[in-house]
Amino acid sequence: MSGITAEGIVRWLRENNPAVGHVDPDANLLAEGIIDSFKFVGFLLHLESLLGRPIEREKVVPESFQSVNRILANFAGSA
Amino acid sequence: MPETRTASLAAALSERSRREFYNVYGAFDWSEPIPADAFWLPQGMLTTYGTSIHEAAGPGRLRELSKWETINLFSVFCVGEADLVREIVQRIHRPGLEPYFDYFTHFIDEENKHMWFFKQFCLAYAGKLYDFKKIGFGGEGMSHLDDFLAFMKVALFEEFGDLYNVAAIRDRAIPEPVRRIHRVHHNDEVGHILVGREIAAMLFRDHVSKLPPDNVARALKYLRGYLNWVLESAYNPQAYRDAGFADPYGMRLSLLGDAARKERHRSMAGEILSRYPSIFGEPSPAGDSHVRNHR
(Lines give C-alpha, C1' and ligand atoms only; values in the text may rest on other atoms or scores of the structure.)
Protein backbone atom coordinates (compact mmCIF):
# COMPACT_ATOMS: atom_id res chain seq x y z
CA MET A 1 0.00 0.00 0.00
CA SER A 2 1.46 3.38 -0.95
CA GLY A 3 1.46 6.40 1.33
CA ILE A 4 -0.24 8.56 -1.29
CA THR A 5 -3.43 10.09 0.07
CA ALA A 6 -5.62 13.01 -0.99
CA GLU A 7 -4.78 14.80 2.25
CA GLY A 8 -1.06 14.31 1.68
CA ILE A 9 -1.25 15.64 -1.87
CA VAL A 10 -3.20 18.73 -0.83
CA ARG A 11 -0.81 19.33 2.07
CA TRP A 12 2.17 19.28 -0.32
CA LEU A 13 0.41 21.62 -2.74
CA ARG A 14 -0.34 24.11 0.06
CA GLU A 15 3.16 23.92 1.50
CA ASN A 16 4.62 24.67 -1.91
CA ASN A 17 2.11 27.28 -3.04
CA PRO A 18 0.80 29.54 -0.28
CA ALA A 19 -1.98 30.79 -2.59
CA VAL A 20 -3.65 27.38 -2.58
CA GLY A 21 -6.76 27.14 -0.43
CA HIS A 22 -9.44 24.50 -0.79
CA VAL A 23 -8.62 21.98 -3.52
CA ASP A 24 -11.50 20.21 -5.18
CA PRO A 25 -10.35 16.60 -5.78
CA ASP A 26 -11.44 16.90 -9.40
CA ALA A 27 -10.00 20.38 -9.99
CA ASN A 28 -7.46 20.60 -12.79
CA LEU A 29 -4.23 21.25 -10.88
CA LEU A 30 -2.30 22.24 -13.98
CA ALA A 31 -4.85 24.41 -15.78
CA GLU A 32 -5.80 26.24 -12.57
CA GLY A 33 -2.18 27.02 -11.75
CA ILE A 34 -2.23 25.10 -8.47
CA ILE A 35 1.05 23.58 -9.55
CA ASP A 36 3.38 24.87 -12.25
CA SER A 37 5.93 23.14 -14.45
CA PHE A 38 8.83 24.20 -12.22
CA LYS A 39 7.26 22.89 -9.00
CA PHE A 40 6.22 19.72 -10.75
CA VAL A 41 9.65 18.06 -10.43
CA GLY A 42 9.54 18.42 -6.65
CA PHE A 43 5.99 17.10 -6.63
CA LEU A 44 6.99 14.08 -8.71
CA LEU A 45 9.92 13.32 -6.39
CA HIS A 46 7.56 13.65 -3.42
CA LEU A 47 5.23 11.05 -4.93
CA GLU A 48 8.20 8.79 -5.71
CA SER A 49 9.37 9.04 -2.11
CA LEU A 50 5.92 7.96 -0.92
CA LEU A 51 5.88 5.11 -3.42
CA GLY A 52 9.44 4.13 -2.57
CA ARG A 53 10.37 3.81 -6.22
CA PRO A 54 10.67 5.92 -9.38
CA ILE A 55 7.54 6.53 -11.43
CA GLU A 56 7.82 5.08 -14.92
CA ARG A 57 8.66 7.66 -17.59
CA GLU A 58 5.65 6.71 -19.74
CA LYS A 59 3.34 7.66 -16.87
CA VAL A 60 4.85 11.12 -16.56
CA VAL A 61 2.34 12.91 -18.77
CA PRO A 62 0.02 15.79 -17.81
CA GLU A 63 -3.06 13.55 -17.86
CA SER A 64 -1.65 11.41 -15.03
CA PHE A 65 -1.43 14.40 -12.70
CA GLN A 66 -4.45 16.41 -13.79
CA SER A 67 -6.31 16.26 -10.50
CA VAL A 68 -6.01 14.81 -6.99
CA ASN A 69 -8.43 12.03 -7.92
CA ARG A 70 -6.51 11.24 -11.10
CA ILE A 71 -3.25 11.01 -9.15
CA LEU A 72 -4.85 8.67 -6.62
CA ALA A 73 -6.30 6.51 -9.42
CA ASN A 74 -2.96 6.31 -11.20
CA PHE A 75 -0.55 5.86 -8.34
CA ALA A 76 -2.13 5.30 -4.91
CA GLY A 77 -2.56 1.56 -5.29
CA SER A 78 0.59 0.83 -7.24
CA ALA A 79 3.31 0.60 -4.61
CA MET B 1 14.72 45.60 -34.47
CA PRO B 2 18.22 44.06 -34.49
CA GLU B 3 20.67 46.27 -32.70
CA THR B 4 24.02 46.95 -34.35
CA ARG B 5 26.00 46.35 -31.16
CA THR B 6 24.32 42.98 -30.51
CA ALA B 7 24.55 41.91 -34.16
CA SER B 8 28.22 42.93 -34.26
CA LEU B 9 28.96 40.87 -31.19
CA ALA B 10 27.14 37.87 -32.68
CA ALA B 11 29.15 38.28 -35.91
CA ALA B 12 32.43 38.46 -33.97
CA LEU B 13 31.55 35.32 -32.05
CA SER B 14 30.57 33.52 -35.26
CA GLU B 15 34.03 34.36 -36.60
CA ARG B 16 35.57 33.04 -33.37
CA SER B 17 33.55 29.82 -33.72
CA ARG B 18 34.86 29.34 -37.27
CA ARG B 19 38.42 30.07 -36.18
CA GLU B 20 38.27 27.70 -33.19
CA PHE B 21 36.14 25.02 -34.80
CA TYR B 22 37.00 21.61 -33.36
CA ASN B 23 36.25 18.01 -34.14
CA VAL B 24 34.57 16.88 -30.94
CA TYR B 25 34.83 13.24 -31.90
CA GLY B 26 38.61 13.31 -31.52
CA ALA B 27 38.90 15.84 -28.72
CA PHE B 28 38.66 13.49 -25.74
CA ASP B 29 40.29 10.28 -24.60
CA TRP B 30 37.61 8.47 -22.63
CA SER B 31 40.08 5.81 -21.47
CA GLU B 32 42.04 8.33 -19.41
CA PRO B 33 41.56 7.21 -15.80
CA ILE B 34 40.18 9.30 -12.95
CA PRO B 35 42.00 8.56 -9.66
CA ALA B 36 39.78 6.82 -7.11
CA ASP B 37 40.78 9.22 -4.33
CA ALA B 38 39.94 12.40 -6.25
CA PHE B 39 37.04 14.79 -5.86
CA TRP B 40 35.24 15.37 -9.17
CA LEU B 41 33.71 18.64 -8.03
CA PRO B 42 35.06 21.25 -5.62
CA GLN B 43 33.47 20.54 -2.23
CA GLY B 44 31.93 23.99 -2.22
CA MET B 45 29.83 23.01 -5.24
CA LEU B 46 28.36 19.88 -3.63
CA THR B 47 24.69 20.16 -2.68
CA THR B 48 25.56 19.13 0.87
CA TYR B 49 28.14 21.84 1.42
CA GLY B 50 27.56 23.91 4.54
CA THR B 51 25.10 21.46 6.10
CA SER B 52 25.24 18.95 8.94
CA ILE B 53 24.89 16.17 6.35
CA HIS B 54 28.17 17.31 4.81
CA GLU B 55 29.87 17.47 8.19
CA ALA B 56 28.67 13.99 9.12
CA ALA B 57 29.71 12.36 5.85
CA GLY B 58 33.29 11.12 5.73
CA PRO B 59 35.70 12.10 2.94
CA GLY B 60 35.09 8.82 1.11
CA ARG B 61 31.35 9.37 0.99
CA LEU B 62 31.81 12.96 -0.14
CA ARG B 63 34.17 11.85 -2.91
CA GLU B 64 31.52 9.40 -4.07
CA LEU B 65 28.97 12.19 -3.95
CA SER B 66 31.24 14.42 -6.02
CA LYS B 67 31.34 11.72 -8.68
CA TRP B 68 27.60 11.19 -8.81
CA GLU B 69 26.79 14.88 -8.61
CA THR B 70 29.10 15.40 -11.59
CA ILE B 71 27.20 12.70 -13.46
CA ASN B 72 23.98 14.42 -12.42
CA LEU B 73 25.26 17.81 -13.54
CA PHE B 74 26.33 16.48 -16.93
CA SER B 75 22.99 14.67 -17.29
CA VAL B 76 21.22 17.96 -16.53
CA PHE B 77 23.39 19.64 -19.15
CA CYS B 78 22.45 17.00 -21.74
CA VAL B 79 18.72 17.47 -21.15
CA GLY B 80 18.93 21.24 -20.70
CA GLU B 81 21.03 21.84 -23.79
CA ALA B 82 18.61 19.82 -25.89
CA ASP B 83 15.93 22.27 -24.71
CA LEU B 84 18.13 25.25 -25.60
CA VAL B 85 18.80 23.91 -29.07
CA ARG B 86 15.06 23.40 -29.57
CA GLU B 87 14.38 27.03 -28.60
CA ILE B 88 17.00 28.36 -31.02
CA VAL B 89 15.95 26.06 -33.88
CA GLN B 90 12.40 27.38 -33.54
CA ARG B 91 13.67 30.93 -34.02
CA ILE B 92 16.53 30.54 -36.45
CA HIS B 93 14.51 31.81 -39.44
CA ARG B 94 12.34 34.26 -37.47
CA PRO B 95 11.90 37.60 -39.28
CA GLY B 96 13.83 40.24 -37.41
CA LEU B 97 16.47 37.82 -36.22
CA GLU B 98 18.26 37.53 -39.59
CA PRO B 99 21.50 39.12 -38.33
CA TYR B 100 21.85 36.27 -35.86
CA PHE B 101 21.35 33.38 -38.27
CA ASP B 102 25.06 32.67 -38.63
CA TYR B 103 25.57 32.85 -34.88
CA PHE B 104 22.59 30.56 -34.23
CA THR B 105 24.03 27.88 -36.52
CA HIS B 106 27.28 27.93 -34.51
CA PHE B 107 25.30 27.88 -31.28
CA ILE B 108 23.45 24.76 -32.41
CA ASP B 109 26.68 23.11 -33.56
CA GLU B 110 28.42 23.81 -30.27
CA GLU B 111 25.50 22.79 -28.05
CA ASN B 112 25.22 19.61 -30.09
CA LYS B 113 28.87 18.90 -29.35
CA HIS B 114 28.30 19.57 -25.66
CA MET B 115 25.45 17.08 -25.52
CA TRP B 116 27.68 14.52 -27.19
CA PHE B 117 30.68 14.91 -24.92
CA PHE B 118 28.68 15.11 -21.70
CA LYS B 119 26.82 11.95 -22.59
CA GLN B 120 30.00 10.15 -23.62
CA PHE B 121 31.69 11.19 -20.37
CA CYS B 122 28.81 9.85 -18.27
CA LEU B 123 28.75 6.56 -20.15
CA ALA B 124 32.54 6.15 -20.04
CA TYR B 125 33.02 6.96 -16.36
CA ALA B 126 29.72 5.94 -14.78
CA GLY B 127 28.02 3.69 -17.30
CA LYS B 128 24.84 5.75 -17.30
CA LEU B 129 23.11 9.11 -17.30
CA TYR B 130 20.35 10.12 -14.94
CA ASP B 131 16.86 10.28 -16.30
CA PHE B 132 14.95 13.53 -15.85
CA LYS B 133 11.21 13.50 -15.99
CA LYS B 134 9.39 16.72 -16.62
CA ILE B 135 6.26 17.78 -18.36
CA GLY B 136 5.33 20.93 -20.21
CA PHE B 137 2.00 22.36 -19.23
CA GLY B 138 1.21 23.86 -22.60
CA GLY B 139 2.33 27.42 -22.19
CA GLU B 140 2.44 29.73 -19.24
CA GLY B 141 -0.08 32.18 -20.65
CA MET B 142 2.66 34.50 -21.88
CA SER B 143 2.88 33.62 -25.56
CA HIS B 144 3.45 37.30 -26.46
CA LEU B 145 6.71 37.06 -24.50
CA ASP B 146 7.88 33.78 -26.02
CA ASP B 147 11.04 35.12 -27.63
CA PHE B 148 12.18 37.05 -24.56
CA LEU B 149 11.48 34.13 -22.22
CA ALA B 150 13.19 31.67 -24.55
CA PHE B 151 16.39 33.72 -24.85
CA MET B 152 16.40 34.42 -21.13
CA LYS B 153 16.03 30.74 -20.31
CA VAL B 154 18.90 29.93 -22.66
CA ALA B 155 21.04 32.58 -21.01
CA LEU B 156 20.15 31.65 -17.41
CA PHE B 157 20.77 27.95 -17.99
CA GLU B 158 24.16 28.67 -19.49
CA GLU B 159 25.07 31.03 -16.67
CA PHE B 160 24.19 28.25 -14.20
CA GLY B 161 26.34 25.72 -16.02
CA ASP B 162 29.25 28.08 -16.25
CA LEU B 163 29.34 28.59 -12.47
CA TYR B 164 30.31 24.91 -12.25
CA ASN B 165 32.70 25.16 -15.19
CA VAL B 166 34.63 28.00 -13.63
CA ALA B 167 34.73 26.40 -10.16
CA ALA B 168 36.06 23.12 -11.59
CA ILE B 169 38.60 24.81 -13.86
CA ARG B 170 40.00 26.86 -10.97
CA ASP B 171 40.40 23.82 -8.71
CA ARG B 172 43.65 22.10 -9.71
CA ALA B 173 42.82 19.11 -7.50
CA ILE B 174 40.01 18.12 -9.87
CA PRO B 175 41.23 15.32 -12.21
CA GLU B 176 42.19 16.45 -15.69
CA PRO B 177 39.51 14.47 -17.59
CA VAL B 178 36.86 16.34 -15.59
CA ARG B 179 38.56 19.74 -15.77
CA ARG B 180 39.11 19.37 -19.50
CA ILE B 181 35.45 18.85 -20.25
CA HIS B 182 34.57 21.88 -18.12
CA ARG B 183 37.26 23.89 -19.94
CA VAL B 184 35.98 23.01 -23.41
CA HIS B 185 32.42 23.71 -22.31
CA HIS B 186 33.39 27.03 -20.72
CA ASN B 187 35.24 28.19 -23.82
CA ASP B 188 32.08 27.84 -25.92
CA GLU B 189 29.68 29.02 -23.25
CA VAL B 190 31.47 32.30 -22.68
CA GLY B 191 30.50 33.36 -26.19
CA HIS B 192 26.93 32.07 -25.87
CA ILE B 193 26.49 33.88 -22.58
CA LEU B 194 27.81 37.19 -23.94
CA VAL B 195 25.42 37.14 -26.89
CA GLY B 196 22.59 35.80 -24.73
CA ARG B 197 22.89 38.72 -22.32
CA GLU B 198 22.83 41.21 -25.19
CA ILE B 199 19.86 39.66 -26.99
CA ALA B 200 17.89 39.36 -23.75
CA ALA B 201 18.60 42.99 -22.85
CA MET B 202 17.64 44.12 -26.37
CA LEU B 203 14.33 42.23 -26.33
CA PHE B 204 13.56 43.52 -22.86
CA ARG B 205 14.25 47.15 -23.79
CA ASP B 206 12.50 47.07 -27.17
CA HIS B 207 9.45 44.97 -26.24
CA VAL B 208 8.99 43.76 -22.71
CA SER B 209 9.65 47.03 -20.89
CA LYS B 210 6.86 48.67 -22.90
CA LEU B 211 4.25 46.21 -21.59
CA PRO B 212 2.04 46.91 -18.57
CA PRO B 213 4.01 46.54 -15.31
CA ASP B 214 1.92 43.52 -14.25
CA ASN B 215 2.97 41.64 -17.38
CA VAL B 216 6.61 42.51 -16.81
CA ALA B 217 6.43 41.44 -13.17
CA ARG B 218 4.82 38.15 -14.18
CA ALA B 219 7.53 37.43 -16.75
CA LEU B 220 10.31 38.16 -14.27
CA LYS B 221 8.63 36.01 -11.63
CA TYR B 222 8.46 33.20 -14.16
CA LEU B 223 12.16 33.54 -14.93
CA ARG B 224 13.08 33.54 -11.25
CA GLY B 225 11.03 30.35 -10.93
CA TYR B 226 12.90 28.89 -13.87
CA LEU B 227 16.27 29.76 -12.34
CA ASN B 228 15.23 28.21 -9.02
CA TRP B 229 14.13 25.07 -10.88
CA VAL B 230 17.53 24.90 -12.59
CA LEU B 231 19.36 25.35 -9.27
CA GLU B 232 17.25 22.60 -7.67
CA SER B 233 18.10 20.20 -10.51
CA ALA B 234 21.45 19.69 -8.75
CA TYR B 235 19.62 17.89 -5.91
CA ASN B 236 18.99 14.43 -7.31
CA PRO B 237 17.91 11.58 -5.01
CA GLN B 238 19.33 9.10 -7.51
CA ALA B 239 22.79 10.63 -7.04
CA TYR B 240 22.42 10.49 -3.25
CA ARG B 241 21.44 6.83 -3.49
CA ASP B 242 24.40 6.02 -5.75
CA ALA B 243 26.73 7.82 -3.34
CA GLY B 244 25.50 5.54 -0.57
CA PHE B 245 23.30 7.89 1.41
CA ALA B 246 20.28 6.42 3.19
CA ASP B 247 16.83 7.99 2.54
CA PRO B 248 17.80 9.89 -0.64
CA TYR B 249 14.38 11.52 -1.07
CA GLY B 250 14.35 12.73 2.52
CA MET B 251 17.90 13.97 2.06
CA ARG B 252 16.85 16.10 -0.90
CA LEU B 253 14.03 17.68 1.09
CA SER B 254 16.28 18.23 4.08
CA LEU B 255 18.95 19.91 1.96
CA LEU B 256 16.49 22.13 0.10
CA GLY B 257 15.10 23.27 3.44
CA ASP B 258 18.52 23.89 5.02
CA ALA B 259 19.27 27.52 5.83
CA ALA B 260 22.83 27.26 4.50
CA ARG B 261 21.61 25.88 1.18
CA LYS B 262 18.91 28.54 0.89
CA GLU B 263 21.57 31.17 1.43
CA ARG B 264 23.76 29.51 -1.20
CA HIS B 265 20.85 29.57 -3.66
CA ARG B 266 20.25 33.24 -2.98
CA SER B 267 23.92 33.87 -3.60
CA MET B 268 24.06 31.87 -6.84
CA ALA B 269 20.82 33.38 -8.15
CA GLY B 270 22.00 36.84 -7.15
CA GLU B 271 25.29 36.35 -8.94
CA ILE B 272 23.53 35.25 -12.12
CA LEU B 273 20.79 37.89 -12.09
CA SER B 274 23.31 40.66 -11.39
CA ARG B 275 24.52 40.16 -14.96
CA TYR B 276 21.13 41.42 -16.21
CA PRO B 277 20.84 44.77 -14.43
CA SER B 278 18.59 46.33 -17.08
CA ILE B 279 16.11 43.46 -16.61
CA PHE B 280 16.25 42.40 -12.97
CA GLY B 281 17.56 45.66 -11.57
CA GLU B 282 20.73 46.45 -9.72
CA PRO B 283 21.70 44.19 -6.80
CA SER B 284 20.51 45.45 -3.44
CA PRO B 285 23.18 46.57 -0.94
CA ALA B 286 22.90 43.10 0.65
CA GLY B 287 24.07 41.76 -2.68
CA ASP B 288 21.71 38.83 -2.88
CA SER B 289 18.39 40.22 -3.99
CA HIS B 290 17.41 42.46 -6.80
CA VAL B 291 15.19 45.45 -7.05
CA ARG B 292 13.53 46.14 -10.37
CA ASN B 293 14.39 49.40 -11.98
CA HIS B 294 11.25 51.42 -12.58
CA ARG B 295 12.07 53.90 -15.26
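Residues numbered from 1 in each chain as written. Chains lettered and ligands numbered in written order. Predicted model: local features only at pLDDT ≥ 70, side-chain atom pairs only at ≥ 80, totals over all residues. Heavy atoms only, no water.

Summing up its helical and strand segments, chain A has three helices and zero strands in all. Each helix (α) and strand (β) of chain A, taken in turn from the N terminus, gives the series α-α-α. The C-alpha radius of gyration computed for chain A amounts to 11 Å, which stays within 12% of the reference 12 Å derived for 79 residues, consistent with globular compactness. Overall, the C-alpha framework of chain A stretches about 30 × 20 × 20 Å when taken along its three principal axes. The 79 residues of chain A split such that 44% are buried. Within chain A, contacts between residues separated by at least 24 positions form 57% of all contacts whose residues are at least 6 apart in sequence. Here chain A has roughly 4,000 Å² of accessible surface; of this, 52% comes from carbon and sulfur atoms. Computed over 7 positive and 10 negative side-chain charges, the inter-centroid distance for chain A is 4 Å. (Helix = DSSP H or I, 4+ residues; strand = E, 2+ residues; numbered from the N terminus. Rg over C-alpha atoms; globule rule 2.2 N^0.38 Å. Buried < 20%, exposed > 50% of the residue type's maximum accessible area, 1.4 Å probe, protein only. Contact = heavy atoms within 4.5 Å. Areas by Shrake-Rupley, 256 points an atom, 1.4 Å probe, with all protein chains shown as cover. Lys, Arg positive; Asp, Glu negative; His and termini not counted. Charge placed at Lys NZ, Arg CZ, Asp CG, Glu CD.)

Take the confidence of the model for chain B next. Residues and elements named next belong to chain B. Averaged over chain B, the pLDDT score is 92; the fraction of residues at 70 or greater is 93%. In this model, residues 291–295 is a region of pLDDT below 50 whose contacts with residues beyond four sequence positions or in other chains number 13 contacts. Interface predicted TM-score (ipTM) for the complex: 0.82; the corresponding pTM is 0.91. (pLDDT = per-residue confidence, 0-100.)

Each partner contributes residues to the interface: chain A has 20 residues there, and chain B has 15 residues. In total, about 1,600 Å² of surface goes out of reach between chain A and chain B, with carbon and sulfur atoms giving 67% of it. Taken together, chain A and chain B are joined by two salt bridges. Tallied by class, the residues present in the side of chain A that touches chain B amount to 13 nonpolar, three polar and four charged. (Buried area = accessible area lost by both parts, 1.4 Å probe. Salt bridge = Lys/Arg side-chain N within 4 Å of Asp/Glu carboxyl O. Nonpolar A, V, L, I, M, F, W, Y, C, P; charged D, E, K, R; others polar.)

The next thing to look at is the confidence of the model for chain A. Detailed reading of the predicted model is not advised wherever pLDDT is low. In this model, chain A carries a mean pLDDT of 88, and residues with pLDDT of at least 70 account for 95%. Per-element confidence in chain A ranges from a low mean pLDDT of 90 for helix H2 (residues 37–51) of chain A to a high of 93 for helix H3 (residues 68–76) of chain A.

Moving on, we get to the packing of helix H3 (residues 59–91) of chain B against helix H4 (residues 101–126) of chain B. All names here are of chain B. Between H3 and H4, the least distance of the axes is 9 Å, while the angle of their chain directions is 155 degrees. By the angle between their axes, H3 is roughly antiparallel relative to H4. Where H3 crosses over H4, the two elements pack in a sense that is left-handed. Split into classes, the residues belonging to the contact of H3 with H4 amount to 19 nonpolar, three polar and five charged. (Axes fitted to C-alpha atoms, helices over the stretch in contact; angles between N-to-C directions. Parallel < 35°, antiparallel > 145°, perpendicular 65-115°, else oblique. Left-handed = near helix turned anticlockwise from the far one by under 90°.)

Residues and elements named next belong to chain B. Position of Glu159 relative to the elements: it lies in helix H5 (residues 146–170). In the structure, Glu159 is positioned 33 residues away from His192 in sequence and 9.5 Å away in space, judged by C-alpha atoms. Those residues in contact with Glu159, other than ones at most four positions away along the chain, are Ile193, Arg197, Ile272, Arg275 and Tyr276.

Glancing now at the pattern of salt bridges. Per the stated rule, a full pass over the model turns up 23 salt bridges over all chains. Between Glu56(A) and Arg53(A) there is a salt bridge; the shortest N-O distance is 3.8 Å. Taking relative accessible area as the criterion, Glu56(A) reaches 31% and is therefore assigned partly exposed. Given a relative accessible area of 22%, Arg53(A) falls into the partly exposed group. Here Arg275(B) ties to Glu271(B) by a salt bridge, and the two come within 3.1 Å at their closest N and O atoms. A residue is classified by how much of its surface remains accessible, and Arg275(B), at 27% relative accessible area, is partly exposed. By relative accessible area, which is 35% here, Glu271(B) ends up partly exposed. One continuous salt-bridge network, built from bridges that share partners, spans Glu32(B), Glu176(B), Arg179(B), Arg180(B) and Arg183(B).

Moving on, we get to unusual backbone geometry. A positive phi is found at Asp247(B), a non-glycine position, where the angle reads about 50 degrees. Following the sequence through the fold, Asp247(B) ends up in the loop between helix H8 (237–242) and helix H9 (248–257).

Among the secondary structure elements, Glu48(A) is positioned in helix H2. Residue class for Glu48(A) comes out buried when judged on its relative accessible area of 4%. Only 2.9 Å separates the side chain of Glu48(A) from the backbone nitrogen of Ile55(A), close enough to count as a polar contact. A distance of 3.1 Å separates the side chain of Glu48(A) from the side chain of Tyr249(B), its partner in a polar contact. The residues touching Glu48(A), leaving out its near neighbours within four places in the chain, are Arg53(A), Pro54(A), Ile55(A), Lys133(B) and Tyr249(B). (Polar contact = N/O pair within 3.5 Å; in protein donor to acceptor, adjacent residues only side chain to side chain.)

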